[in-house]
Amino acid sequence: MNQLLDSWFHDVVSALAYSVGEGRAETARPDLQPPYNDLTRFVLNQHARMAAYLRAPLMAATLGFDVIGILRGGRRFHHLSASARLRQIETWKESKIGFQRDLMRYFESLALLELYGRQSNPHANIVSPPQEFSRQIVNLPSAESRFEIVVIGSGPGGAITACLLAEAGRKVLLIEEGEYLSLESCAPFSKDEMVQKYRNGGQTVAMGKNKVAYVEGRCVGGGSEINSGLYHRTPPDILESWRKEFAVDGVTPEEMRPHFEACEKEVSVSLLPGAAPAASLKLHDGATRLGWKSLEVPRWFRFAAGASDPNTGRRQSMTETFIPRFLKAGGKLLPRTRVDRIRQDVGKWNLHAAHAVNGPIRIAAETVFLCAGAVQTPALLRRSGITRNIGNSLRLHPTLKVVAKFSDEVNSSQMGVPVHQVKEFAPRFSFGCSISTPPYLAMALLDHPAQAREVAQVWPHLATYYAMITGEGRGRVRPLPKIRDPLVRYNLTVSDRRDLAEGLRKLCLALFEGGATALYPGITRCPQLLNHDDLSQLPNALPSGLTNLMTIHLFSSCPMGEDQSKSATNSFGRVHGFTNLYISDASLLCTAPGVNPQGSIMALARRNVLKFLRRNPR
Ligand SMILES: Cc1cc2nc3c(=O)[nH]c(=O)nc-3n(C[C@H](O)[C@H](O)[C@H](O)COP(=O)(O)OP(=O)(O)OC[C@H]3O[C@@H](n4cnc5c(N)ncnc54)[C@H](O)[C@@H]3O)c2cc1C
């Protein structure tokens, strides 16, 4: 039965992939021509990577879509003629029913990602990091082992924690669910990167009236391996609000400064050595003309002395910085291992984990640091029966994208990450530039089909920008019985929807000032905007269910503080009610910081682990 369903699903996906591909085939572009078997394969593989609670309904909806072809054309969709298939796809894309639009969007975006990635992404090679410390890496763990300290999760929070513990002479095991890969394993922001280094192939979503797509890293180094490297310290007013509202000790700007400075030095936070990309300068010029505060944001990139080419830098992710330091100090790294739950025993924790090859393993530890990120940390704690103020207060930065067209060329295959952000209206909302490769542009233009079809020719004139709000909304993280991935829910407030609309309008204004000739917001049925007057067509509050929101910033699911009515841990990450269980990752941030969060996560991790070492001398 299952085989029959799989084969039926394959046929429908193949018909959908071919329809999307044929819609973009151009005589002048051999790389966009059929066959489209690679599109089908990519969509099927991505479907297999989805959370199980999304995978099954998506398959059922796809098969339902196939059967509806009988009503429309007398045959199942995958047996219809090419033109009849296109008509059925268009009808679902225009549907008033959200799940019909979402289904078409899902297939179209994945097929386009593969199609437009064909030329720019040569086949990726898995590259392991240098073997210098190979003896410190546990490739085949024994069924049972014991360590003084176990750190779960190797993103910025976990890597810094593990590194400083090992350098203090502690016996540390760092466990990571994903693979240990070097930066060279795939091109940044490519489809291959999604497959190798993102959780669920980058297909994660916070459910709610208006869904918010989000992505997380799942590899040694966590999000630091896939991110843009844009660095901010936590704004002083945010630190002050955490002190007042959550009674957090030790977070005045003076107390945090040494931690910011040490992390900035380690990851080489710096400005570009040469000129910023043209797309970045367009936003900056437009904002500056309006008298708004716009700045080049420094990044964790290392440039050779005297370098003048901004594209020559190397991202200082955790696998380039704290992980090698950790291994050099004698720490042990166990990749490809997922901790499922933890159980308290007399004077120790028992970890139930599963290694990708060896299967179930048990690890005992005197102390556990949980650094699995803002979604997985609360999910793991709740699966383990620890629930007080855990996973009830997820915050994120809801973000809306807009593609801008310029008469001159602003984009190129060497563009890299645009670095300017407009902070005039922060913390309520800010603007910045997004990744603008052809595959990303094709996906960002799904709401504007006429323009989308031109991506292959005009992409050097296109760039993607975003408006991001700090947001009042909250979410929950809940594990589901017998299902690996947790359910994440998030609701925007009315004022969030107004702030997003106002943020979008102001971003469009800045882009027109910067010379944009047309703008394409990520709102279903929103017309293209050709001049200032067209801005009146934008809604005053973003329409629920029609706005395509995303985020890459998630936090606050286990906030810290001495106010035990609101917080999950004390001011330094020790989980309330336990003596040897700590959290050190994005979950601890009491509220959304309104700026890119990794700077806050790194500084807090350093502060907390140094406090632990002072309180727990050997
Ligand atoms: C595409 C993208 C771009 C971004 N750009 C920026 C930017 O420019 N600037 C910025 O400041 N921030 C940026 N961010 C956000 C930043 O990367 C994250 O805030 C940061 O990585 C979070 O750190 P963390 O330590 O809390 O968790 P993570 O980095 O998420 O690391 C958690 C790790 O734990 C592992 N793990 C989870 N569960 C388990 C388990 N059960 N067992 C074992 N291991 C587990 C995961 O696989 C993961 O590797 C970006 C994020 C993304 C995805």
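Residues numbered from 1 in each chain as written. Predicted model: local features only at pLDDT ≥ 70, side-chain atom pairs only at ≥ 80, totals over all residues.

This part takes up the overall build of the protein. Counting secondary structure elements, the protein contains 17 helices and 23 strands. For the protein, the spread of C-alpha atoms along the principal axes amounts to about 70 × 65 × 50 Å. Scored against the burial criterion, the 618 residues of the protein give a buried share of 52%. When contacts within the protein are restricted to residue pairs at least 6 apart in sequence, long-range pairs at least 24 apart make up 73% of them. (Helix = DSSP H or I, 4+ residues; strand = E, 2+ residues; numbered from the N terminus. Buried ≥ 20, exposed ≤ 12 C-beta atoms within 10 Å, placed from the backbone. Contact = placed C-beta atoms within 7 Å.)

On to unusual backbone geometry, then. The residue after P34, namely P35, is reached through a cis peptide bond having omega 10°. On the secondary structure map, P35 appears in the loop between α1 (2-24) and α2 (37-49). In this model, A426 is joined to P427 through a cis peptide bond whose omega is 5°. Inspection of the secondary structure assignment puts P427 in the loop between β15 (420-422) and β16 (429-433). The backbone phi angle of A247 is positive, close to 55°, even though this residue is not glycine.

What follows covers the pairing of β16. The buried fraction of β16 amounts to 5 of the 5 residues, a majority that puts the element mostly inside the structure. Here β16 shows a buried face lined by F429, F431 and C433 and a second buried face lined by S430 and G432. Sheet topology note: the β15/β16 ladder contains 2 bridges and is antiparallel. By the bridge assignment for β16, Q421 is matched with G432. Relative to strand β17 (residues 462-469), β16 runs antiparallel, the two sharing 5 bridges. Bridge pairing in β17 places C433 opposite Y465. (Pairing = 2+ DSSP bridges.)

On to the site of the ligand, then. For the ligand, the set of nearby residues contains 40 residues, the closest of which are G153, G155, G222, G223 and G373. Taken together, the residues of the shell around the ligand sort by class into 15 nonpolar, 19 polar and 6 charged. (Near = placed C-beta within 6 Å. Nonpolar A, V, L, I, M, F, W, Y, C, P; charged D, E, K, R; others polar.)

As for its position among the elements, C163 is in helix α6 (residues 156-167). Residue C163 is classed as buried on the basis of its C-beta count, with 28 C-beta atoms lying within 10 Å. Linking C163 and V609, residues 446 residues apart in sequence, is a C-alpha distance of 9.7 Å.

What follows concerns the pairing of strand β14 (residues 399-406). Of all 8 residues in β14, 8 are buried; the element is thus mostly enclosed. Here β14 shows two buried faces, one formed by T399, K401, V403 and K405 and the other by L400, V402, A404 and F406. Pairing between β14 and β17: 7 bridges, direction antiparallel. When the bridges of β17 are listed, A404 appears paired with A463. Across 5 bridges, the pairing between β14 and strand β20 (residues 516-521) is antiparallel. Looking at β20, one finds that K405 is bridged to A518.

Whether parallel or antiparallel, the strands of a sheet pair through hydrogen bonds between backbone atoms. Taken together, the 3 strands give an open sheet; going across it, the order is β5-β7-β8, and neighbouring strands pair in antiparallel fashion. With partners counted over all chains shown, the strands left at the sheet margins are β5 (269-270) and β8 (314-315), one partner each. In this structure, β5 lies alongside strand β7 (residues 299-302), joined through 2 bridges in antiparallel fashion. By the bridge assignment for β7, V269 is matched with W300.

In this section: the environment of H532. Mapped onto the secondary structure, H532 falls in the loop between β20 and β21 (549-551). Residue classification places H532 among the exposed positions, given that 11 C-beta atoms sit within 10 Å. Once the C-alpha coordinates of H532 and L509 are considered, the two residues, 23 residues apart in sequence, prove to be 6.8 Å apart.

Counting 171 residues, the largest nonpolar core has V150, L370, Y465 and L511 as its most contacted members. In terms of residues, this core owes the most to one element, helix α5 (residues 98-120), which gives 10 residues. Residues within four places of V150 in sequence aside, it is in contact with L173, I175, L351, I363, A365 and V368. (Core = buried A, V, L, I, M, F, W, Y, C linked by C-beta atoms within 7 Å.)

Split into domains, the protein comes out as domain 1 (2-120), domain 2 (143-203 + 218-267 + 316-391 + 556-615) and domain 3 (398-551). The centre of domain 1, based on its C-alpha atoms, is set 38 Å off from the matching centre of domain 2. Domain 1 puts 7 residues into the contact, and the matching count from domain 2 is 5 residues. At the level of secondary structure, the elements contributing two or more residues to the side of domain 1 that touches domain 2 comprise α2 and α5. For the side of domain 1 that touches domain 2, the element with the highest residue contribution is α5, accounting for 3 residues. Considered class by class, the residues forming the side of domain 1 that touches domain 2 number 3 nonpolar, 2 polar and 2 charged. (Domains from an automatic or database assignment.)

Relative orientation and spacing of two packed helices are given, respectively, by the angle between their axes and the distance between those axes. Where helix α9 (residues 253-266) contacts helix α17 (residues 598-615), the two axes come as close as 8 Å, and the packing angle between them is 115°. Taken together, the axes of α9 and α17 lie roughly perpendicular to each other. Classified by chirality, the crossing of α17 by α9 is right-handed. Contacts from M256, H259, F260, A262 and C263 of α9 reach α17 at G599, M602, A603, R606 and R607. The residue inventory of the contact of α9 with α17, partitioned by class, reads 6 nonpolar, 2 polar and 2 charged. (Axes fitted to C-alpha atoms, helices over the stretch in contact; angles between N-to-C directions. Parallel < 35°, antiparallel > 145°, perpendicular 65-115°, else oblique. Left-handed = near helix turned anticlockwise from the far one by under 90°.)

Between helix α10 (residues 278-289) and helix α16 (residues 494-513), the least distance of the axes is 7 Å, while the angle of their chain directions is 100°. What the angle tells us is that α10 and α16 run roughly perpendicular. Contacts between α10 and α16 involve L283, G286, A287 and R289 from the first element and A510, L511 and E513 from the second. Its residues assigned to classes, the contact of α10 with α16 shows 4 nonpolar, 1 polar and 2 charged.

With that out of the way, let us pick up α16. Relative to the 28 Å expected for 20 residues at 1.5 Å per residue, α16 spans 29 Å between its end C-alpha atoms, a close match to the ideal helical length. One or two positions beyond α16, positive phi appears at G515, with a value near 110°. (Expected span 1.5 Å × (residues − 1).)

Positionally, G471 belongs in the loop between β17 and β18 (474-480). In this structure, the C-alpha to C-alpha distance between G471 and P398, residues 73 residues apart in sequence, is 6.9 Å. With residues near it in sequence (within four places) discarded, G471 still touches R395, L396, H397, P398, D496 and A592.

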